[in-house]
Protein chains: 2
Amino acid sequence: MSPANTIDGTERGYIIPIGGAEEKLNNPEILDRFVDVCGGKAARIGIIPTASELEDTGRNYEKLFRKLGVMHAKVLHFVTREDCQSDDDLQYIEKCDGVFMTGGNQLRLSTTIGGTAIAQAIRRRNAEGMHVAGTSAGAAFMPEHMIAGGKEGSTPSPDMVNMAPGLGLTNSFIIDQHFRERDRLGRLLTALAYNPFAVGLGLDEDTAAFIKCGDELEVVGSGGITLIDPSDLKYSSMDKARRGEPVSLIGIKLHILVSGGRYEIASRDAFAE
Amino acid sequence: MSPANTIDGTERGYIIPIGGAEEKLNNPEILDRFVDVCGGKAARIGIIPTASELEDTGRNYEKLFRKLGVMHAKVLHFVTREDCQSDDDLQYIEKCDGVFMTGGNQLRLSTTIGGTAIAQAIRRRNAEGMHVAGTSAGAAFMPEHMIAGGKEGSTPSPDMVNMAPGLGLTNSFIIDQHFRERDRLGRLLTALAYNPFAVGLGLDEDTAAFIKCGDELEVVGSGGITLIDPSDLKYSSMDKARRGEPVSLIGIKLHILVSGGRYEIASRDAFAE
């Protein structure tokens, strides 16, 4: 369940994880940029509110996208696993320029959509050029390895994070959200320390990473993105530490990027602008 | 980190997860079959004892493989992450017909080897035809999504399993071991229920799955293999259940296979022989 294969000549769509609580009224920079990327007013956008338990979450984003000028924005009601086999919704996704996954609980997304025809369609369409954005739980669900939950605090510890398989749109990053606001450095470090192959992406609220897979990432929004690169990790006590004990990690590389900052995925180099 | 790509014309090597406690003296059927698959007495086998904290684990397997007639069996001492950049050991793996990962703690494997040159080499060489076997912790480490730990019992519950990224030799299966002996149905069901895309593989002790990726799996050994296919899952309460509460799952398909049994990966069909 790494990203679906692209076909020669097509370019993979953006994936756009957002740290939650993105500005919606006064200069909604992230949502505006998402709409632009999808083709502007003529874009067709599917909204997946599955993570949310509130009835009007999807409808509110529908109104919001229409207010931003989008003519075709539609809520896809995936509440049960059977909903995720719906031919109508599958056909809608075939024509979408972008899909937007709302916040809520990421385990609702993986439990409901995981392994269904809809999950396959989103993965394939993203490889064909469709863009996929997600905020909060919607962002958490995007990567191959998903942070399902965990504890607050900045020091890693073995029982600090719960992981589960995600949608698999990228396996270059492990994504966490509400990052600064909920003190999540420790749980992201813990997730990375289990197997230090991926780069950690900690997204503050109202902050998005516009990721061109295989190429680069650009920061948009009012907060920061914390990038954690464990590729030079020299020492880790993750395998020895017991529940509740702190974990020692030596040789982590850390970058904080703000609006306009860029990160090259292959070289793992960061640029302030 | 799905399986590395094969090159046209080459055939991916077997991956061979073993449920632990495989017979070593009196008719060591699984180890014999592994040696056969690797080319018999002329095979070159690398032993990775990283999971174990006991000093003689690797050496014992070295002796064992020699007793089975293998001329070239060598322990690769990956104790630290720096060991996993060793040119000598990388060159040895380039020439190996098979790699064998011992038991112990799978988090030692992922913490030490994950993201290093050795992990990349094993993944690439497996795609080129090298076979990879692992017993107990060595089996747990093989798939993309690894069961790092958890609780005993047959009913799934949200806090029953800890997952972490594994070596990524397959993303078709999530693997558990010492399955019947340690009552692990509940934790494997929990792992699958998070995102029901993969098939669960519960390996009893002294039982192995010889997996030809993309093709089929064959059972070897004295115990059983429990295959759990969630693809028709109709209902799951995984997203609603709280810590310690049981999870409802409706529509799981289950097979128990014993020696000689086969499972076709693409069709998800099981055969008794």
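Preceding block: the structure.
Residues numbered from 1 in each chain as written. Chains lettered and ligands numbered in written order. Predicted model: local features only at pLDDT ≥ 70, side-chain atom pairs only at ≥ 80, totals over all residues. Heavy atoms only, no water.

Chemist: Can you break down the overall build of chain A residue by residue, with the values?
Modeler: On a plain count of helices and strands, chain A comes out with seven helices and 17 strands. A compact globule built from 273 residues would reach a C-alpha radius of gyration of about 19 Å, and chain A, at 18 Å, matches this within 12%. Its C-alpha atoms give chain A principal-axis dimensions of roughly 50 × 40 × 40 Å. Expressed as a percentage of the 273 residues in chain A, the buried residues total 61%. The contacts in chain A between residues at least 6 apart in sequence include a share of 74% that link residues at least 24 apart. On chain A, roughly 10,400 Å² of surface is accessible, and the fraction owed to carbon and sulfur atoms is 46%. Here chain A carries 29 positive and 38 negative side-chain charges, and the mean point of each set is 2 Å from the other. (Helix = DSSP H or I, 4+ residues; strand = E, 2+ residues; numbered from the N terminus. Rg over C-alpha atoms; globule rule 2.2 N^0.38 Å. Buried < 20%, exposed > 50% of the residue type's maximum accessible area, 1.4 Å probe, protein only. Contact = heavy atoms within 4.5 Å. Areas by Shrake-Rupley, 256 points an atom, 1.4 Å probe, with all protein chains shown as cover. Lys, Arg positive; Asp, Glu negative; His and termini not counted. Charge placed at Lys NZ, Arg CZ, Asp CG, Glu CD.)

Chemist: Break down the pairing of strand E12 (residues 224-229) of chain B for me, with residues and values.
Modeler: Residues and elements named next belong to chain B. Counting buried residues along E12, six of its six residues qualify, which places the element largely inside the surrounding structure. Alternating residues of E12 divide into Gly224, Thr226 and Ile228 and Ile225, Leu227 and Asp229, and every residue in both groups is buried. With four bridges joining them, strand E9 (residues 199-203) and E12 adopt antiparallel strand pairing. Bridge pairing links glycine 200 to isoleucine 228 in E12. (Pairing = 2+ DSSP bridges.)

Chemist: Describe the interface of chain A and chain B, listing the residues and the values that go with them.
Modeler: Every contact between the two is made by 33 residues of chain A and, on the other side, 33 residues of chain B. For the pair chain A and chain B, the summed buried area comes to about 3,000 Å², and 53% of that belongs to carbon and sulfur atoms. Counting the contacts that link chain A with chain B gives two salt bridges. The tally of links between chain A and chain B comes to 17 residue pairs in polar contact (both at pLDDT 80 or more). When the residues that make up the side of chain A that touches chain B are grouped by side-chain class, the tally is 14 nonpolar, twelve polar and seven charged. (Buried area = accessible area lost by both parts, 1.4 Å probe. Salt bridge = Lys/Arg side-chain N within 4 Å of Asp/Glu carboxyl O. Polar contact = N/O pair within 3.5 Å; in protein donor to acceptor, adjacent residues only side chain to side chain. Nonpolar A, V, L, I, M, F, W, Y, C, P; charged D, E, K, R; others polar.)

Chemist: How would you sum up unusual backbone geometry? Please name residues and give values.
Modeler: Although it is not a glycine, Ala21(A) adopts a positive phi angle of roughly 50 degrees. Inspection of the secondary structure assignment puts Ala21(A) in the loop between strand E1 (15-18) and helix H1 (29-37). Non-glycine residue Arg268(B) carries a positive phi angle of around 60 degrees. Note that Arg268(B) resides in the loop between strand E16 (262-264) and strand E17 (269-271).

Chemist: Help me get a handle on the sheet that holds E1(A), residues and values and all.
Modeler: Residues and elements named next belong to chain A. Spatial ordering of the open sheet is given by E3-E2-E4-E5-E1-E10-E11-E16-E17, a layout of nine strands whose pairing is mixed. Each of the sheet's edge strands pairs with one partner strand only, and the pair in question is strand E3 (72-75) and strand E17 (269-271). Ignoring strand direction, the axes of neighbouring strands in this sheet form an average angle of 15 degrees. (Axes fitted to C-alpha atoms, helices over the stretch in contact; angles between N-to-C directions.)

Chemist: I'd like to hear about the sheet that holds strand E15 (residues 253-258) of chain B, residue by residue, with values.
Modeler: Strands pair in a sheet through their backbones, by hydrogen bonds, and they do so in one of two ways: parallel or antiparallel. Residue and element names in this part refer to chain B. Spatial ordering of the open sheet is given by E8-E9-E12-E15, a layout of four strands whose pairing is mixed. Unpaired on one side and paired on the other, strand E8 (173-176) and E15 mark the two borders of the sheet. The sheet shows a mean angle of 20 degrees between the axes of neighbouring strands, direction not considered.

Chemist: Residues and numbers for the layout of surface pockets, please.
Modeler: Here the second largest pocket defines a volume of roughly 970 Å³. Taken together, 43 residues make up the lining of the second largest pocket; nearest its centre are Gly149(A), Gly150(A), Val161(A), Asn162(A) and Arg243(B). Elements represented by at least two residues in the lining of the second largest pocket include exactly helix H4 (106-113), strand E6 (145-150), strand E7 (161-165) and helix H7 (185-194) of chain A together with strand E6 (145-150) and strand E7 (161-165) of chain B. The residue inventory of the lining of the second largest pocket, partitioned by class, reads 17 nonpolar, 13 polar and 13 charged. (1 Å grid on protein atoms, 1.4 Å probe; cavity = no way out; pocket = protein on both sides within 12 Å on 5 of 7 lines; lining within 4 Å. Points joined across faces, edges and corners; volume = space filled by probe spheres on them.)

Chemist: Explain the pairing of E6(B) residue by residue, including any values.
Modeler: Residues and elements named next belong to chain B. Among the six residues of E6, five are classified as buried, and the element is accordingly described as predominantly covered. Looking at chain direction, E6 and E7 are connected through five bridges and run antiparallel. Across the sheet, residue methionine 146 finds its bridge partner in E7, namely alanine 164.

Chemist: Which residues make up the environment of Arg44(A), and what values go with them?
Modeler: All names here are of chain A. Among the structural elements, arginine 44 can be located in strand E2 (residues 44-48). The class for arginine 44 is partly exposed, based on a relative accessible area of 25%. Along the chain, arginine 44 and lysine 74 lie 30 residues apart, while their C-alpha atoms are 8.2 Å from each other. If we ignore the near neighbours within four places in the chain, the residues touching arginine 44 are His72, Tyr92, Lys95, Cys96, Asp97 and Gly98.

Chemist: Describe in detail the packing of aromatic side chains, supporting the description with residues and values.
Modeler: Summed over all chains, the structure comprises 14 aromatic pairs over all chains. Between Tyr61(A) and Phe65(A) the ring centres are 6.3 Å apart and the planes differ by 35 degrees, which places this aromatic pair in the tilted class. Placement of both Tyr61(A) and Phe65(A) in helix H2 (residues 57-67) is noted, with a separation of four residues, approximately one turn of the helix. Across the pair, Phe65(A) and Tyr61(A) agree in class, each one buried. Aromatic rings pair up to connect Phe34(A), Tyr61(A), Phe65(A) and Phe100(A) into one cluster. Arg33(B) extends its terminal NZ or CZ atom over the ring of Phe210(B), reaching a point 5.0 Å from the ring centre. (Phe/Tyr/Trp six-rings, centres within 6.5 Å; stacked < 30°, edge-to-face > 60°. Lys NZ or Arg CZ within 6 Å of the ring centre and 35° of its normal.)

Chemist: Which residues make up the packing of helix H3 (residues 87-95) of chain A against helix H5 (residues 117-128) of chain A, and what values do they have?
Modeler: Residue and element names in this part refer to chain A. Where H3 contacts H5, the two axes come as close as 10 Å, and the packing angle between them is 10 degrees. Comparing their axes, H5 and H3 come out roughly parallel. In this structure, H3 uses Asp89, Leu90, Ile93, Glu94 and Lys95 to contact H5, whose residues at the interface are Ala117, Ile118, Ala121, Ile122, Arg124 and Arg125. Among the residues forming the contact of H3 with H5, the class breakdown is six nonpolar, no polar and five charged. (Parallel < 35°, antiparallel > 145°, perpendicular 65-115°, else oblique.)

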